[in-house]
Amino acid sequence: MELRLHPVALIRALLRPIDPPLFLLLSLLLAAAFVLMQSASPERIHAQLMNTGVALALMWVAARTPAPRLLSLAMPLYLLGVVLLIAVALFGEVSKGAQRWLHVGVTRIQPSEIMKIAMPLMLAWYFQQREGATGLREFLVAAVLLAIPVGLIVTQPDLGTSLLVAAAGFYVIFFAGLSWRLIVPVVMVGVIGIGSIVAFGDTWCQPDVDWQVLREYQKQRVCTLLDPTSDPLGRGFHIIQSTIAIGSGGLVGKGWMNGTQTHLSFIPERHTDFIFAVLAEEFGLIGALVLLVLLLLLLLRGLVIAAHAPTLGTRLLAGAITMIFFTYAFVNMGMVSGILPVVGVPLPFISYGGTALVTLCIGVGILMSIQREYLQSQN
Amino acid sequence: MDEFRSPDQEIGKLRQRVVVAGGFVFLCLCLLGARFFYLQVVRFDYFHTRAEDNRIAVVPVPPNRGTIVDRAGEVLARNFAAYTLEINPSRVEDLDATIDALAEIVTIDDYDRRRFAKFREKSKFFESVPIRTKLTDEEVARFVARRYRFPGVDVRARLFREYPHGELFGHVVGYMGRINDRDVRRIEQEGETANYRGTDHIGKRGLEQSYEAWLHGRTGSEQVEVDASGRAVRVLNRNTAAPGHSLILTVDVKLQRVAAQAFAGRRGAMVAIDPRTGGVLAQVSSPSFDPNLFVDGISVADWKGLNDSPDHPLLNRAIYSAYPPGSTFKPFMGLAGLSLGKRTAEQAIADPGQFVFGGHRFMDDKVGGHGMVNLHKSIVESCNTYYYMLANDLGIEAIADFMRPFSFGEHTGIDIPGESAGVLPSPAWKRARFRTAAQQKWYGGETISVGIGQGYNAYTPLQMATALSTLVNDGVMYRPHIVKYIVDPVSGARTEVEPTPIRRIPLKPAHLAAVRAAMVDVNRRGTGARAFAGAEYSVGGKTGTAQVYSLKGTRYREGEVAERLRDHSWFIAYAPADAPRIAMAVLVENGGFGARSAAPIARQVLDYYLLGKLPPAPAPASEDPGAAP
């Protein structure tokens, strides 16, 4: 890069790390977020703008950082995350029955958020180190690296985040080639477990039944999903009202700014976790399908980047990040439309909230960095 | 997990996994798409309806309650708007903490807290319950500025009932209170549940209770768009409420005040009726109570004060308490003697000062007797022996049959609740009243006592006034009533309470004239003469003394008997004598001889009603009112 500040050259320099397809899809999603925010919570537009600016800047920084250097950050970042999680367990602030926040000077941070990036980074880096020698021992080490932060987050307790972090780690292990003979039984246990909860939920959800493993409020979330009407003014209210919002949107929706569920405050958390209900109410099935297609294209682009990434570490990292995006999207929309329990997971790129947006955009930036690595290796 | 794979093999394996992941992603998103299709297309109608139900609420608009005014338009009951601070317990997590926090902004004392707890027990879960009523403007402003801190707490403008004359009309107008379970059941039975939606007070006593259906009005409704917290965002459709009807009474506030002041704190009652219509001109029960105390829930201290008072201020003596009529019964007995042919007006008996029956001596109150006594003299001098003999000659059955149409022992049908029927003694009454054969037997001696208004006889002041009205109205009886007419405030249409003669008792004009002439002479030179000295109008009357304490043969000396055991003092009067416009009964509990306590009250009421003359100054209770001119 020459030291000439010609505008065209500057723009080209700025755009160099950017992957056009990813950036286009991301821009469309962020634009949709502004359109929805104007309806759901116009007073937050300004803050949303700030968040987006910061997130895009960090994305750009991540994108222009060479992938090997990103991977070399894995160990320090991971260790920092674990130390902070332990600090939370010891000195964290209790809010809404859970100990998740840590005060750092003027602001407070949620260390579990760091783990969403640090976890796949760490495992990808680890498998990269052991390239060509991935045996059972490596998978066991990976499992331990995965279990430590997940265990810390579960005890906060924060089921949603621990599932996301666990998923992030699992995706790396999956792409690293964990045998199907191990994956299939785990998936089977999960399916049987969820199936039996649905089948026997009525008896398990009696108030005096203690689930041992899960906290009372987590039990409540699962039970409410099984029968939202059993607690229509409490947790069930959220699911009932969001499904009403989605269903009453119909094929083409009630029109922008015209959603009655949205504007009369029936949708809870309508600017954050439940913003999809706003979209489905005001823009109908068509709007929802457009969002699904945009997300699908973004995910496919991510998987393509993973498929031809030059090194093992970047391949694993790109695949895992893409699948984390997918997990966010699926869990969020599944929850809002009433097929998954209420877990505090935002709709990626759309929900209001700086932390999540920054994490996600850094993820996109990492994908771009890996794509650039691929392009450079082709030349 | 081959440890010696080539990088190409590795890449191939990873790409295979990427394809699997891509397929999984695609499937899951398709699943979501299918879910959206199901919700938004297949079940659209259902969810559309649900969303509309969510958004639209029908809110009741309670009507303004009708006012109550006296015959001259003076307001006795009206509404005023005041702000109340209300909590919806279903939307508040920690009630006590919320109330404590509110107490830092507005005054909330123990009484408010107790009342809140009481109301809350009786209200449905989702209903708002008042924690403070009648907030000042400053308190409203202070709360509104901090409203965001108190979800589920709101300030509402509510209409309250107010009784400007307070105690003066406590027993007549009654009061309102919060709707309780019993009220709810009655409202359900009357099919009025919809009409009481949004209303939380109902008439509990007096006219407020008996004219509830007129006063309440028709509840309207508004179709409003509401947000999730139930707050109305805008009105979509409106069905206005019809305000309640106003009551215009036959009662005269000024007359009522004169009568109430004439009691000067003594226990007793007075009823004054226009005999030509049955309209009640004044109705006093002393002591009274302030109905305003009940409007937003009476405090424990106030309730104890009223309920535990030995003077029983909550008791409406005018229509509920029955007292032996004493000698005020004599004009009716005399009329019975004439009408049933047992006596003529001129026919005289010799009074030796006592009447012996079945070995028992019935004493006259004048030692040595009144000499030769005819009907006229028997009433003017209130001779007992004349009526001992007359009762004995008539027999108890004939007496009871003659008296019953005058409303003795029957409800008069007055338009406020809580009337008692009194006791018209007869063998049939005794059989119904008592259990054992010995108790049920009617003794001839009991008939003798009935003749002078003692014994089992017991009538309310209202019954005495009604009977007297009938007597001076030539036997035509009107139902006593307090409401003159009812006005629809919207159309102005009047519903008159027509003076309906409920019966005509066949009485001969000559007989009525004889009795009334004697009653006029009572106030000229008989037992009422002192009280009516110098009256500028002609007035008929009769004194009476009801025994509270059985003397067992000894003579009654007032000073020796405890105040509460003294005789009750009666006076009945009507005026002007030739064309009566007012007939009244006055009772002063433990007032002693009728002429001394009750007659002066009647004098003050009549002076005001007929001449517009106010008494010089309210006489202190200790002074002897009989000494007044």
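Note that residues are indexed from 1 along each chain, following the sequence as it is written. Each chain gets a letter, beginning with A, and each ligand a number, beginning with 1, in the order they are written. Whole-chain, interface and lining totals are the exception, using all residues; otherwise, since this is a predicted model, local features are given only for residues with pLDDT of at least 70 and side-chain atom pairs are given and counted only at 80 or more. Side-chain figures throughout are based on the complete set of non-hydrogen atoms in the structure, without hydrogens or water.

1. Quick word on the confidence of the model for chain B
- pLDDT is a per-residue confidence score from the predictor, ranging from 0 to 100. Looking at chain B as a whole, its pLDDT mean stands at 87, while 93% of the residues score no less than 70.
- Any two residues whose heavy atoms approach within 4.5 Å are treated as being in contact. Low pLDDT (under 50) marks residues 619-629 of chain B, which in the prediction has 11 contacts with non-local residues, meaning those over four places away or in another chain.

2. Looking at the packing of helix 14 (residues 384-394) of chain B against helix 18 (residues 444-451) of chain B
All names here are of chain B.
- To define axes, lines are fitted to C-alpha atoms, for helices over the stretch in contact only, and angles between the resulting N-to-C directions are given on a 0 to 180 degree scale. Each helix corresponds to a stretch of at least 4 residues labelled H or I by DSSP, and each strand to a stretch of at least 2 residues labelled E; elements are numbered beginning at the N terminus. It is at 8 Å that the axes of helix 14 and helix 18 come closest, and there the two elements cross at 130°. As the angle between them shows, helix 14 and helix 18 are arranged oblique. The crossing of helix 14 and helix 18 is right-handed. Contacts between helix 14 and helix 18 involve Tyr 387, Tyr 388, Ala 391 and Asn 392 from the former and Thr 447, Ile 448 and Gly 451 from the latter.
- Three categories are distinguished: nonpolar for Ala, Val, Leu, Ile, Met, Phe, Trp, Tyr, Cys and Pro, charged for Asp, Glu, Lys and Arg, and polar for the others, with Gly belonging to the last. Across the contact of helix 14 with helix 18, the residue classes break down as 4 nonpolar, 3 polar and no charged. Small angles under 35 degrees read as roughly parallel and large ones over 145 as roughly antiparallel, with 65 to 115 read as roughly perpendicular and the rest as oblique. Here a crossing is called left-handed whenever its near helix is offset anticlockwise from the far helix by less than a right angle, and right-handed whenever the offset is clockwise.

3. Observations regarding the interface of chain B and chain A
- Across the boundary between the two partners, chain B contributes 40 residues, which contact 52 residues of chain A.
- Computed with a 1.4 Å rolling probe, the buried area is the accessible surface lost when two parts are put together, summed over both parts. Taken together, both faces of the contact between chain B and chain A bury some 4100 Å²; the carbon and sulfur share is 72%.
- We count a salt bridge whenever a side-chain nitrogen from Lys or Arg sits within 4 Å of a carboxyl oxygen from Asp or Glu. Between chain B and chain A we count 0 salt bridges in total.
- Pairs of N or O atoms are called polar contacts if they sit within 3.5 Å, as long as, within protein, a hydrogen donor faces a hydrogen acceptor (for residues adjacent in sequence, only side-chain-to-side-chain pairs). The interface formed by chain B and chain A includes 9 residue pairs in polar contact (both at pLDDT 80 or more).
- Elements that contribute at least two residues to the side of chain B that touches chain A include exactly helix 1 (7-42), helix 2 (44-55) and strand 8 (220-226) of chain B.

4. Considering the sheet that holds strand 11 (residues 268-273) of chain B
Residue and element names in this part refer to chain B.
- A sheet is described by the order of its strands in space; here 5 strands give the open sequence 12-11-23-22-21, paired in antiparallel fashion. Unpaired on one side and paired on the other, strand 12 (280-286) and strand 21 (540-546) mark the two borders of the sheet. Ignoring strand direction, the axes of neighbouring strands in this sheet form an average angle of 5°.
- Running over the sheet, helix 10 (residues 253-263) touches strand 11, strand 12 and strand 23 (582-588) and is turned about 30° from strand 12. Here, a strand pair is defined by DSSP locating no fewer than two bridges between the strands.

5. A short note on a nonpolar patch on the surface
- Surface patches are drawn from residues lacking salt bridges whose relative accessible area is over 30%; two like charges belong together within 9 Å, two nonpolar side chains (Val, Leu, Ile, Met, Phe, Trp, Tyr) within 5 Å. Where accessible areas are quoted, they stem from the Shrake-Rupley method and a 1.4 Å probe; at the residue level, only the protein chains shown are allowed to cover. A cluster of nonpolar side chains, contributed by Leu251(A), Val252(A), Ile286(A), Val290(A), Phe37(B), Tyr38(B), Val41(B) and Val42(B), occupies part of the molecular surface with about 710 Å² of accessible area.
- Taken together, the elements giving at least two residues each to the nonpolar patch come down to helix 13 (275-307) of chain A together with helix 1 of chain B.
- Of all the elements, helix 1 of chain B adds the most residues to the nonpolar patch, at 4 residues.
- You can see Val42(B) is positioned in helix 1.

6. Considering the side chain of Thr98(B)
- Along the chain, Thr98(B) turns up in helix 3 (residues 95-103).
- Those residues within four positions of Thr98(B) in sequence are excluded, and the remaining contacts are Val92(B), Phe150(B) and Val153(B).

7. A few points about helix 7 (residues 181-189) of chain B
- One side-chain oxygen of the residue at the start of helix 7 of chain B lies 3.1 Å from the amide nitrogen of Arg182(B), identifying that residue as Asn180(B).
- Gly191(B) lies just past helix 7 of chain B and shows a positive phi near 70°.

8. What about the nonpolar core?
- We call a set of buried residues a nonpolar core when its members are Ala, Val, Leu, Ile, Met, Phe, Trp, Tyr or Cys and they connect through side-chain atoms within 4.5 Å of each other. Think of it in three bands: with a 1.4 Å probe and only protein chains considered, a residue is buried below 20% of the maximum accessible area for its type, exposed above 50%, and partly exposed in between. Within the largest apolar cluster, 120 residues are counted, with the highest numbers of intra-cluster contacts made by Phe175(A), Phe276(A) and Met333(A).
- A per-element tally of this core places helix 13 of chain A first, with 19 residues.
- If near-sequence neighbours (up to four positions away) are discounted, Met333(A) is found in contact with Phe276(A), Leu291(A), Leu292(A), Leu295(A), Leu347(A), Leu32(B) and Phe36(B).
- Core analysis: the next-biggest nonpolar cluster, separate from the first, contains 95 residues, Val280(B), Leu335(B), Val373(B) and Val522(B) among them.

9. Quick look at unusual backbone geometry
Residue and element names in this part refer to chain B.
- With an omega dihedral of 0°, the bond running from Ser 286 to Pro 287 counts as a cis peptide bond.
- Structurally, Pro 287 is set in the loop between strand 12 and helix 11 (300-307).
- In this chain, Ala 575 is followed by Pro 576 through a cis amide linkage whose omega measures -15°.
- One can find Pro 576 in the loop between strand 22 (568-575) and strand 23.
- Phi angles above zero are rare outside glycine, and Ala 264 is one such case at about 45°.

10. A closer look at the packing of aromatic side chains
- For Phe, Tyr and Trp, where Trp contributes only its six-membered ring, two rings pair if their centres lie within 6.5 Å, and the inter-plane angle classes them as stacked under 30 degrees, edge-to-face over 60, or tilted in between. What the rule picks out here adds up to 33 aromatic pairs over all chains.
- Geometrically, the ring pair formed by Phe174(A) and Phe175(A) is edge-to-face, given 5.2 Å between the ring centres and 65° between the ring planes.
- With a centroid separation of 6.3 Å and 45° between ring planes, the pair formed by Trp442(B) and Tyr456(B) is classed as tilted. Pair noted here: Trp442(B) is in the loop between helix 17 (437-440) and helix 18 and Tyr456(B) is in the loop between helix 18 and helix 19 (461-472), with a separation of 14 residues, a long-range link.
- Each member of the aromatic cluster is reached from another via a ring pair, and the members are Phe329(B), Phe332(B), Phe402(B), Phe406(B), Phe408(B) and Tyr459(B).
- For the cation-ring pair, Arg17(B) lies above Trp180(A), with the distance from its terminal atom to the ring centre recorded as 4.6 Å. Charge-over-ring placement is defined geometrically: NZ (Lys) or CZ (Arg) within 6 Å of the ring centre, and within 35 degrees of the ring normal.

11. Comments concerning the pairing of strand 3 (residues 75-87) of chain B
All names here are of chain B.
- Summarising the sheet, strand 2 (residues 68-69) and strand 3 pair through 2 bridges and their orientation is antiparallel. When the sheet's bridge partners are listed, Val 69 is paired in strand 3 with Val 75.
- Remark: 5 residues form the turn of the hairpin made by strand 2 and strand 3, two consecutive strands paired antiparallel; Gly 73 in that turn has positive phi of roughly 90°.
- Alignment of strand 3 against strand 5 (residues 153-162), held across 10 bridges, turns out to be antiparallel. Bridge pairing in strand 5 links Thr 84 to Arg 156.
- Relative to strand 4 (residues 129-132), strand 3 runs antiparallel, the two sharing 3 bridges. Looking at the pairing, Leu 85 lines up with Arg 132 of strand 4.

12. Examining the pairing of strand 10 (residues 246-249) of chain B
Residue and element names in this part refer to chain B.
- With burial as the criterion, each face of strand 10 is covered, one bearing Ser 246 and Ile 248 and the other bearing Leu 247 and Leu 249.
- Here strand 2 runs beside strand 10; their pairing, made up of 2 bridges, is parallel. Paired with Ile 68 across the two strands is Leu 247, which belongs to strand 10.
- By the bridge criterion, 4 bridges tie strand 10 to strand 18 (residues 483-487) in an arrangement that is antiparallel. Its bridge partner lying in strand 18, Leu 247 is registered against Ile 486.

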